[in-house]
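Next come the chains, spelled out residue by residue.
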Amino acid sequence: EPEVTQTPSHQVTQMGQEVILRCVPISNHLYFYWYRQILGQKVEFLVSFYNNEISEKSEIFDDQFSVERPDGSNFTLKIRSTKLEDSAMYFCANLPYEQYFGPGTRLTVT
Amino acid sequence: AQTVTQSQPEMSVQEAETVTLSCTYDTSESDYYLFWYKQPPSRQMILVIRQEAYKQQNATENRFSVNFQKAAKSFSLKISDSQLGDAAMYFCAYRITHRNSGNTPLVFGKGTRLSVIA
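Residues numbered from 1 in each chain as written. Chains lettered and ligands numbered in written order. Predicted model: local features only at pLDDT ≥ 70, side-chain atom pairs only at ≥ 80, totals over all residues. Heavy atoms only, no water.

(A) Expanded view of the overall build of chain B. Counting its secondary structure elements, chain B contains zero helices and twelve strands. Taken over C-alpha atoms, the radius of gyration comes to 14 Å for chain B, in line with the 13 Å a tight globule of 118 residues would show. Looking at chain B alone, contacts between residues at least 24 apart form 56% of all its contacts between residues at least 6 apart. As displayed, chain B has an accessible area near 5,900 Å², and 44% of this comes from carbon and sulfur atoms. Taking the 12 positively charged and 10 negatively charged side chains of chain B as two groups, their mean positions are separated by 6 Å. (Helix = DSSP H or I, 4+ residues; strand = E, 2+ residues; numbered from the N terminus. Rg over C-alpha atoms; globule rule 2.2 N^0.38 Å. Contact = heavy atoms within 4.5 Å. Areas by Shrake-Rupley, 256 points an atom, 1.4 Å probe, with all protein chains shown as cover. Lys, Arg positive; Asp, Glu negative; His and termini not counted. Charge placed at Lys NZ, Arg CZ, Asp CG, Glu CD.)

(B) The arrangement of the packing of aromatic side chains in detail. Across all of its chains, the model carries 22 aromatic pairs over all chains by this definition. An angle of 80° between the planes, with centres 6.3 Å apart, marks the rings of Phe-68 of chain B and Phe-75 of chain B as edge-to-face. Relative accessible area serves as the criterion here: at 0%, Phe-75 of chain B is assigned to the buried category. Pairwise contacts between aromatic rings join Tyr-33, Tyr-35, Phe-45, Phe-91 and Phe-101 of chain A together with Tyr-33, Phe-35, Tyr-37, Phe-91 and Phe-108 of chain B into one cluster. Positioned over the ring face of Tyr-33 of chain B is Arg-50 of chain B, at 5.0 Å from the centre of the ring. (Phe/Tyr/Trp six-rings, centres within 6.5 Å; stacked < 30°, edge-to-face > 60°. Buried < 20%, exposed > 50% of the residue type's maximum accessible area, 1.4 Å probe, protein only. Lys NZ or Arg CZ within 6 Å of the ring centre and 35° of its normal.)

(C) Expanded view of the side chain of Thr-104 of chain B. If you trace the backbone, Thr-104 of chain B turns up in the loop between strand E10 (88–96) and strand E11 (107–108). At 2.6 Å, the side chain of Thr-104 of chain B and the backbone oxygen of Ile-96 of chain B are in polar contact. (Polar contact = N/O pair within 3.5 Å; in protein donor to acceptor, adjacent residues only side chain to side chain.)

(D) View of the sheet that holds strand E1 (residues 5–7) of chain A. All names here are of chain A. With respect to topology, four strands assemble into an open sheet ordered E1-E3-E8-E7, the strand pairing being antiparallel. Two strands lie at the open edges of the sheet, namely E1 and strand E7 (65–68), each paired on one side alone. With direction set aside, neighbouring strand axes in the sheet form an average angle of 20°. With five bridges joining them, strand E3 (residues 19–24) and strand E8 (residues 75–79) adopt antiparallel strand pairing. Directly across from Ile-20, in E8, lies its bridge partner Lys-78. (Pairing = 2+ DSSP bridges. Axes fitted to C-alpha atoms, helices over the stretch in contact; angles between N-to-C directions.)

(E) Seen up close, the state of the cysteines. Scanning the model with the defined rule gives two disulfides over all chains in all. A disulfide bridge connects Cys-23 of chain A with Cys-92 of chain A, and the sulfur atoms are separated by 1.9 Å. Between Cys-23 of chain A and Cys-92 of chain A, the S-S torsion sits near 70°, and that sign places the bridge as right-handed. Remark: Cys-92 of chain A occurs in strand E9 (residues 88–95) and Cys-23 of chain A occurs in strand E3; sequence separation between them is 69 residues. Of the two residues, Cys-23 of chain A and Cys-92 of chain A, both sit in the buried class. What pairs with Cys-23 of chain B in a disulfide is Cys-92 of chain B, and their sulfur atoms sit 2.0 Å apart. Negative torsions about the S-S bond denote left-handed disulfides, and the value of about -70° found for Cys-23 of chain B with Cys-92 of chain B makes this one left-handed. In this pair, Cys-23 of chain B sits in the loop between strand E3 (19–21) and strand E4 (24–26) while Cys-92 of chain B sits in strand E10, placing the two residues 69 residues apart along the sequence. When sorted by exposure, Cys-23 of chain B lands in the same class as Cys-92 of chain B, which is buried. (Disulfide = S-S within 2.5 Å.)

Written out as structure tokens, the structure reads:
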């Protein structure tokens, strides 16, 4: 069964630093999503991406966040200046095939 | 706005017994999907079961089944013959289905932590 992969599995960064989280989605699926889960809380939608542009974004997805598909396969989420409250698990997903969540990147901001 | 409510923060079940996890949702839409996801300690999100709102028949996947009550906006998950490996967080989720677009994000509940007692 095809898989969505994410790198790194764990990222530790200092407050104010930029981080880039990477996802390799299933290539023939059209919609790509990023979700966030703060420890102990529910999973929240960040942004969806279709046809190389943002399709929808939540209020969480402010100017500090950006998404790109730099080389037609990888799919990145960038946080420009990390804050302590950005510490969370970040999941990418290929939807509407709901079983295809990536394993997540655990981001720790110190 | 669509909301998903899981009223049981924690549940426990004896091994081999049956447990039911509750979920209610609020929507004005008539066409949507409902899901249960399992999140073990690895924090991977694993799809357990899916229900299309237009289907009256409750979805079943091996030991997992749902009780979908559309009028009551209720979507409970029943786990039969519980196993130690079923211990995890379980999230109920909802997504609108648009006829010409699959581009609708999932809305999740806060989760229920299930413990399985040997």
